[in-house]
Amino acid sequence: MGAHRPTPELPRHLEALYARFPFDRSWDDDPVSEVRPLAGTPRQAEVAGLFAATLAIGNTTAIRGAVRRLAGIADGDLTSLLGPATPGRTARLTAFRHRWIRGDQLGYLARVLAEYYSRRPSLEGAFLDGLDRGGFAGGIDALARTARGEGLAGRLGPPPPGYRALFPSPWDPTASPCKRLTLFVRWMVRDRFPDFGVWRRVPTGELRVPLDQHVHWIAYHLGLTARRSRSWSVVEEVSEALRRIDPIDPTRYDFVLCHTGISGDCPKERDLAVCGPCSVRPDCLLWRRRGAAA
Ligand code: SF4
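Residues numbered from 1 in each chain as written. Predicted model: local features only at pLDDT ≥ 70, side-chain atom pairs only at ≥ 80, totals over all residues. Heavy atoms only, no water.

A. Highlighting the site of the ligand. Every residue close to the ligand is listed here: Trp217, Asp265, Cys266, Pro267, Glu269, Cys275, Cys278, Arg281, Cys284, Leu286 and Trp287. Here the ligand is seated within the largest cavity. Of the residues in the shell around the ligand, the class split is 8 nonpolar, no polar and 3 charged. (Near = heavy atom within 4 Å. 1 Å grid on protein atoms, 1.4 Å probe; cavity = no way out; pocket = protein on both sides within 12 Å on 5 of 7 lines; lining within 4 Å. Sits in = over half its atoms within 2 Å of the grid points. Nonpolar A, V, L, I, M, F, W, Y, C, P; charged D, E, K, R; others polar.)

Shown next as structure tokens:
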């Protein structure tokens, strides 16, 4: 466990990984590339971002396809889902499926958002309320409660089966890593590629890393966490390690670490042909344990 720490050279090697990264290739593969054309205004970015983050389950091709299909139902403007429903649109939304996510659940989310926006201008307010009360986890908890529509069942009717489970909170007994809402907040807060930067009151230094399986795998092997299972504690641990490297922008490397895994650039095993040019090979536990020259 004692050796399970990042090397002193990791910041320099991460920067080299970032500098050489083929952003264009991975941009095309990332769901955010489907959100960008839907994000003309801050409200559109927020709504499209929340729907897309909610759909961010499974492989990136399927997620991008799901966002495209939903955008088709909404005629290219996901905020239109928050308005009065037409019979044709309702039928198409009802038929929508992505993995276990159903169109009736997305329709309920649209109604929750319409109700929220009738009272407040932006989801940033809900996030900040939670941030003030309980730090970043509190902000995610507040967003989860908002998206679940807590307290709205009397007005909107009960949510469809499985709806609330779409929006886990770090404070649930499962201590979920809450990858999708954490990703949504990164999109909203960072104003550098590939994010939207429409929330201006949340400091980027507060951001936590959206911990999917790829980011967790590489974070573990770079010594940023010693824990094998994903949980909110691991999100905090990895984010703190990245904050020591870049206190202003701790999620700067998230896109690169995630797509190093998604793209197959990292085979997740010792393979000299693939690992040879990897900038973080001297820091990777697979090579540190047995010698980077092997
Ligand atoms: S050295 Fe190989 S296994 Fe380790 S992070 Fe790099 S590509 Fe992945």
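Let us keep going from here.
B. The nonpolar core, seen in detail. One finds Phe51, Phe184, Val185 and Trp199 to be the most contacted residues of the largest nonpolar core, which totals 95 residues. The element contributing the most residues to this core is helix H8 (residues 123-148), with 11 residues. In this structure, this core is formed jointly by two domains, domain 1 (1-30 + 206-294) and domain 2 (31-202), each of which donates at least three residues. Once residues lying within four places of it in the same chain are set aside, the contact partners of Phe184 are Glu46, Gly49, Leu50, Ala53, Leu123, Leu143 and Trp199. (Core = buried A, V, L, I, M, F, W, Y, C linked by side-chain atoms within 4.5 Å. Buried < 20%, exposed > 50% of the residue type's maximum accessible area, 1.4 Å probe, protein only. Helix = DSSP H or I, 4+ residues; strand = E, 2+ residues; numbered from the N terminus. Domains from an automatic or database assignment. Contact = heavy atoms within 4.5 Å.)

C. Summary view of empty space enclosed by the protein. Scanning the model with the defined rule gives 3 cavities of 30 Å³ or more in all. Within this model, the largest cavity holds a volume of roughly 140 Å³. Elements represented by at least two residues in the lining of the largest cavity include exactly helix H11 (213-221) and helix H15 (285-288). Of the residues forming the lining of the largest cavity, the biggest block, 3 residues, is contributed by H11. (Points joined across faces, edges and corners; volume = space filled by probe spheres on them.)

D. How the structure looks around unusual backbone geometry. In this model, Phe193 is joined to Pro194 through a cis peptide bond whose omega is 0°. Residue placement: Pro194 occurs in the loop between helix H10 (179-189) and H11. With phi around 50°, Ala175 is a residue other than glycine that occupies positive phi space. In this model, Lys268 sits at a positive phi of 60°, which is unusual for a non-glycine residue. Mapped onto the fold, Lys268 is located in the loop between helix H13 (254-262) and helix H14 (272-275).

E. Summary view of the side chain of Thr182. Relative to the elements of secondary structure, Thr182 occurs in helix H10. A polar contact is formed between the side chain of Thr182 and the backbone oxygen of Cys178, at a distance of 2.7 Å. Leaving out residues up to four positions away in the same chain, Thr182 has contacts with Phe136, Ile140, Pro177, Arg208, Val209, Pro210 and Trp232. (Polar contact = N/O pair within 3.5 Å; in protein donor to acceptor, adjacent residues only side chain to side chain.)

F. Spotlight on the pattern of salt bridges. One pass over the full model with this rule turns up 24 salt bridges. The salt bridge partner of Glu15 is Arg252, with a shortest N-O separation of 2.4 Å. With Glu15 in helix H1 (residues 10-20) and Arg252 in the loop between helix H12 (232-245) and H13, the pair connects residues that are 237 residues apart, well separated along the chain. Among the ionic pairs, Asp104 bridges to Arg102, the shortest N-O distance being 3.0 Å. Judged by relative accessible area, Asp104 falls into the partly exposed class, the value being 33%. Taken together, the shared-partner salt bridges connect Arg186, Arg190, Arg192, Asp195, Asp249 and Asp254 into one network. (Salt bridge = Lys/Arg side-chain N within 4 Å of Asp/Glu carboxyl O.)

G. Fine view of the domain arrangement of the protein chain. Each assigned domain of the protein chain is listed with its residue range as follows: domain 1 (1-30 + 206-294) and domain 2 (31-202). Domain 1 and domain 2 are separated by 28 Å when their C-alpha centres are compared. Between domain 1 and domain 2, the contact holds 23 residues from the first and 27 residues from the second. For the pairing of domain 1 and domain 2, the buried interface totals around 2200 Å² over both sides, and the portion due to carbon and sulfur atoms is 66%. Contact with domain 2 buries area across many residues of domain 1, yet Trp27, Asp30 and Trp232 alone supply 33% of it, more than any other trio. At the surface where domain 1 touches domain 2, the tally comes to 4 salt bridges. Among the ionic pairs, Asp249 bridges to Arg192, the shortest N-O distance being 3.4 Å. Elements with a minimum of two residues in the side of domain 1 that touches domain 2: helix H2 (23-29), H12 and H13. Here the side of domain 1 that touches domain 2 takes 4 residues from H2, the largest share from any one element. Residue composition of the side of domain 1 that touches domain 2, by class: 10 nonpolar, 2 polar and 11 charged. (Buried area = accessible area lost by both parts, 1.4 Å probe.)

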